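# Reading the structure
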Amino acid sequence: FIKPSLTYTSNNPSFLLQMALLGKGAAFLPEFICREHIESGRLVHIHKNMRGNEIPLSLVMPEQKEVSMKVKKFVEFAAKKLKELYS
């Protein structure tokens, strides 16, 4: 059991990431925020099975008969990227 001498709390994941990168403690962050730092070895998982609450994510657009090609392409792009990030 480790008892920290100082505790930081924040609702800003960027701050928590920077503190962890500076060696100032551990941070509970979404993996997509710190993946590159984990892959490079600057950060390590200390509890790989610990997960936060999953929340549903939706793309919402106005109801209409014809959807523009730009919107269709964006929805396809976003769905692909989200699958890559969260699968």
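In this text the structure is predicted, and so the values were computed from the model without any measurement.

### Remarks on the environment of Met19
- For Met19, the location among the structural elements is in helix H1 (residues 13–21).
- In this structure the C-alpha to C-alpha distance between Met19 and Tyr8, which are 11 residues apart in sequence, comes to 8.8 Å.
- Here Met19 is in contact with Tyr8, Lys24 and Gly25, once residues within four sequence places are set aside.

### Here's the deal with the confidence of the model for the protein chain
- Summarising the model, the protein chain shows a mean pLDDT of 85, and 93% of its residues fall at 70 or more.
- Least confident of the elements in the protein chain is helix H3 (residues 69–86), whose mean pLDDT is 87; most confident is H1, at 94.

### Digging into the packing of H1 against helix H2 (residues 31–40)
- The interhelical angle for the contact between H1 and H2, taken along N-to-C directions, is 20°, at an axis separation of 11 Å. By the criterion of interaxial angle, the relationship of H1 to H2 is roughly parallel. Crossing of H1 against H2: the hand is right-handed. Here Pro13, Leu17 and Leu21 of H1 come into contact with H2, specifically with Ile33, Cys34 and His37.
- Per-class residue counts for the contact of H1 with H2 are five nonpolar, one polar and no charged.

### Considering the layout of surface pockets
- If you add up the space inside the largest pocket, you get close to 1,300 Å³.
- Lining the largest pocket are 28 residues, with Phe28, Leu29, Pro30, Glu31 and Met50 sitting closest to its centre.
- Of all the elements in the fold, those that place two or more residues in the lining of the largest pocket are H2 and H3.
- Of the residues assigned to the lining of the largest pocket, the class counts are 18 nonpolar, five polar and five charged.

### Observations concerning the nonpolar core
- One finds Leu16, Leu17, Ala20, Leu29, Cys34 and Leu43 forming the largest nonpolar core, which totals six residues.
- Ranked by residues supplied to this core, first place goes to H1 with three residues.
- In this structure, Leu29 is in contact with Pro13, Leu16, Leu17 and Cys34, ignoring residues within four places of it in sequence.

### So, the side chain of His37
- Looking at the element boundaries, His37 is found in helix H2.
- Only 2.9 Å separates the side chain of His37 from the side chain of Arg42, close enough to count as a polar contact.
- With residues up to four places along the chain from it excluded, the contact list for His37 reads Leu17, Leu21, Arg42 and Leu43.

Cut-off values and rules
- Residues numbered from 1 in each chain as written.
- Predicted model: local features only at pLDDT ≥ 70, side-chain atom pairs only at ≥ 80, totals over all residues.
- Heavy atoms only, no water.
- Helix = DSSP H or I, 4+ residues; strand = E, 2+ residues; numbered from the N terminus.
- Contact = heavy atoms within 4.5 Å.
- pLDDT = per-residue confidence, 0-100.
- Axes fitted to C-alpha atoms, helices over the stretch in contact; angles between N-to-C directions.
- Parallel < 35°, antiparallel > 145°, perpendicular 65-115°, else oblique.
- Left-handed = near helix turned anticlockwise from the far one by under 90°.
- Nonpolar A, V, L, I, M, F, W, Y, C, P; charged D, E, K, R; others polar.
- 1 Å grid on protein atoms, 1.4 Å probe; cavity = no way out; pocket = protein on both sides within 12 Å on 5 of 7 lines; lining within 4 Å.
- Points joined across faces, edges and corners; volume = space filled by probe spheres on them.
- Core = buried A, V, L, I, M, F, W, Y, C linked by side-chain atoms within 4.5 Å.
- Buried < 20%, exposed > 50% of the residue type's maximum accessible area, 1.4 Å probe, protein only.
- Polar contact = N/O pair within 3.5 Å; in protein donor to acceptor, adjacent residues only side chain to side chain.

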